[in-house]
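Results of the structural survey
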Amino acid sequence: MNQKAVAPTWPRGVYDALMAQNVRQVAYVPDAGHSELIQLCQANAELSAISLTTEEEGISMLAGAWLGGERGVLLMQSSGVGNCINLFSMVQECRFPLLMLITMRGQWGEFNPWQVWMGSSSRSVLEQCGVVCYDVDEPERVVDTVSAATNLVFNSYRAVAVLIGQRVTGSKNFAK
Amino acid sequence: MASKRKIVLERREVVARILRDRGTALVVPGLGAPTWDAAAAGDHPLTFQMWGAMGGTAMIALGLALAQRERRVIALPGDGDMLMGIGSLATIGTQGPANLVVAVIDNERYGETGMQETHTARGVDLEGIARACGIRKTATLYNMKELEAAMPLFYKTKGPTFINIKVTANPVPNVLPPRDGAWLKHRFRQALLGDLAFE
């Protein structure tokens, strides 16, 4: 059975919300849940849409963006949270604003057991590192959650992760 | 490939020479010795001194270079820092802006932990990696004459550019810049952006 969610409309809304808040650098490690949002960003010549070899590169890149006066966002899946931990120390020490949109693996109907540990510990790891976490499990709440997170990041200079649940992005189904 | 040429350059002279011509450039020295080298050359509000974030120096410079395309941005990681973030050369190779220069101060050692050898002491060729990542403007420098001849690569030539500078492992005194990260960030942004830094 294909468990993929209904064709999502939230990526377009998230894109519009990020543009409205003047986000100019989009760092990402490719991810199925973010594919539409990544395509929208790549299509905008005024954005720097940068594919990374590892998520931690994005933490540094967005610190540099802020030093240079630009706002950025890091798109990743929960599997990459562990890759970022050491760089969170710079984010906290320097109080860099940091916006992360994280699609979750290892929870709702996960097929791959190797995804479960990082997925189920992402939130506690992020909180241990001083990152504020917003959960969102309903497609119709994604856009306003991202908007609220973006406000907190750039107006209150905080590190915030929006954890987009697997119920929103759909479980990966290897059998389809 | 990495050659066996004799290493004679002293890191303090190298960094001082590079920064002498900095003009309006933005500078990001990596944690440890490169940050002390930059401090010894003279503290500057548009130098973002790193006291940590090993592996992140080149990527901070990339984000900065994308945000400030009219300025030269010079990253000065050590070889250990560059090796830890070696994938960032692939990212820079595919996406790197023309105003970005990554210049590694390569003493082939982990300086802060007791001068243990890094992979560059064992034949790993950082310039070769950079070229293989698609960074077309590259060099490896061994003496002051070569450094002098390479100065246009730092401040003029269209990049992205990667320069590996072989320096001795001779000890140098610590020269410590301010260390409060939030303050260094604010100082940098205010010097670069003026009042917009606090909007």
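None of these values were measured; they are calculated from a predicted model. (Residues numbered from 1 in each chain as written. Chains lettered and ligands numbered in written order. Predicted model: local features only at pLDDT ≥ 70, side-chain atom pairs only at ≥ 80, totals over all residues.)

1. Observations concerning the overall build of chain B
Put simply, the test is: We count a stretch as a helix when DSSP gives it H or I for four or more residues in a row; a strand needs E for two or more, and each element gets its number in order from the N terminus. Using C-alpha atoms as the atom set, the radius of gyration is obtained and then compared with a globule rule of 2.2 Å times the number of residues to the power 0.38. Contact definition: two residues whose C-beta atoms, as placed from backbone geometry, lie within 7 Å.
Within chain B, the regular secondary structure consists of 9 helices and 7 strands. Scaling as 2.2 N^0.38, a compact globule of 199 residues should have a C-alpha radius of gyration of about 16 Å, and chain B matches this with 16 Å. A fraction of 74% describes how many contacts in chain B between residues 6 or more apart in sequence connect residues 24 or more apart.

2. Structural notes on the sheet that holds strand 6 (residues 137-141) of chain B
Residue and element names in this part refer to chain B. How we decide: The pairing criterion is simple: DSSP has to find at least two bridges between the two strands. Helix axes are fitted only over the stretch in contact, all axes being lines through C-alpha atoms; the angle between N-to-C directions runs from 0 to 180 degrees.
Pairing in this open sheet of 5 strands is parallel, and the strands run 1-2-3-7-6 from one edge to the other. Here the strands that pair on one side only, and so sit at the sheet edges, are strand 1 (26-29) and strand 6. Each strand axis lies, on average, 15° off the axis of its neighbour in the sheet, ignoring direction. Pairing between strand 3 (residues 100-106) and strand 7 (residues 161-166): 6 bridges, direction parallel. Looking at strand 7, one finds that Val104 is bridged to Asn164. Across the face of the sheet, helix 1 (residues 11-20) comes into contact with strand 1, strand 2 (73-76), strand 3 and strand 7 while running at roughly 165° to strand 3. In the packing of helix 2 (residues 33-40) onto the sheet, contacts are made with strand 1, strand 2 and strand 3, and the angle to strand 1 comes to roughly 135°.

3. Things to note about the environment of Ala53 of chain B
Formally: With C-beta atoms placed from the backbone, a residue is labelled by how many other C-beta atoms lie within 10 Å of its own: buried for 20 or more, exposed for 12 or fewer, partly exposed between the two.
Topologically, Ala53 of chain B is positioned in the loop between helix 2 and helix 3 (57-67). With 26 C-beta atoms packed within 10 Å, Ala53 of chain B lands in the buried category. Each C-alpha atom of the pair Ala53 of chain B and Leu31 of chain B lies 7.2 Å from the other, and the pair is 22 residues apart in sequence. Setting aside its immediate chain neighbours within four residues, Ala53 of chain B contacts Ser60, Leu87 and Met90 of chain A together with Leu31 of chain B.

4. Observations regarding the interface of chain A and chain B
We apply this condition: By the convention adopted, Pro, Cys, Tyr, Trp, Phe, Met, Ile, Leu, Val and Ala count as nonpolar, Lys, Arg, Asp and Glu as charged, and the other residues, Gly among them, as polar.
Listed per partner, the contact involves 25 residues of chain A and 26 residues of chain B. Listed by contribution, the elements that provide at least two residues to the side of chain A that touches chain B are strand 2 (48-51), helix 3 (55-67) and helix 4 (85-94) of chain A. Each residue belonging to the side of chain A that touches chain B can be placed in one class, and the counts come to 11 nonpolar, 10 polar and 4 charged.

5. Overview of helix 5 (residues 87-95) of chain B
Heads up, the rule is: Throughout, the arc means the angular range of directions from the helix axis out to the C-beta atoms.
Along helix 5 of chain B, the positions that sit buried rather than exposed are Ser88, Leu89, Thr91 and Ile92 of chain B. Each buried residue of helix 5 of chain B lies within a common arc of 160° when the element is viewed along its axis, so the set occupies one face. Turning to helix 5 of chain B, the residues buried within the fold contact strand 2 and helix 3 of chain A together with helix 3, strand 3, helix 6 (126-132) and strand 7 of chain B.

6. A word on the sheet that holds strand 1 (residues 23-28) of chain A
Residue and element names in this part refer to chain A. Spatial ordering of the open sheet is given by 2-1-3-4-6-5, a layout of 6 strands whose pairing is parallel. If you trace the sheet from one side to the other, it starts and ends with strand 2 and strand 5 (132-136), each paired once. Neighbouring strand axes in the sheet, compared pairwise and without regard to direction, differ in orientation by 20° on average. As judged from the 4 bridges shared by strand 1 and strand 2, these two strands associate in the parallel manner. Along strand 2, the bridge assignment pairs Val26 with Ala49.

7. Some details on helix 1 of chain B
Turning to helix 1 of chain B, its buried residues number three or more, namely Arg11, Val14, Val15, Ile18 and Leu19 of chain B. Buried residues in helix 1 of chain B, looked at end-on, bunch into an arc of 120°, giving them a common side.

8. Quick look at the environment of Ala27 of chain A
Residue and element names in this part refer to chain A. Take Ala27: it is sitting in strand 1. Residue class for Ala27 comes out buried when judged on the 30 C-beta atoms lying within 10 Å of it. Placed 25 residues apart in sequence, Ala27 and Leu52 show a C-alpha to C-alpha distance of 6.8 Å. In contact with Ala27, not counting residues within four places along its chain, are Ile50, Leu52, Gly58, Met61, Leu62, Gly72 and Leu74.

9. A few points about the confidence of the model for chain B
Heads up, the condition is: The pLDDT value tells you how sure the predictor is about a given residue, anywhere from 0 up to 100.
Per-residue pLDDT for chain B has a mean of 96; in total, 98% of the residues score no lower than 70. This complex was scored by the predictor with a pTM of 0.95 and an ipTM of 0.96.

10. Observations regarding the pairing of strand 5 of chain A
All names here are of chain A. Basically, it comes down to this: Seen with its strands pointing away from the viewer, a crossover is right-handed when the path leading from the first strand over the helix to the second is clockwise.
Here strand 5 pairs with strand 6 (residues 159-164) via 5 bridges, running parallel. Looking across to strand 6, one finds that Tyr134 is bridged to Val162. Crossover handedness for the path strand 5 to helix 6 (residues 142-156) to strand 6: right-handed.

11. Observations concerning the pairing of strand 3 of chain B
Residues and elements named next belong to chain B. In terms of burial, strand 3 is a largely internal element, 7 of the 7 residues being buried. Alternating positions in strand 3 separate into two faces, Leu100, Val102, Val104 and Asp106 on one and Val101, Ala103 and Ile105 on the other, with burial throughout. One ladder, built from 3 bridges, connects strand 2 with strand 3; its direction is parallel. When the sheet's bridge partners are listed, Ala75 is paired in strand 3 with Val102.

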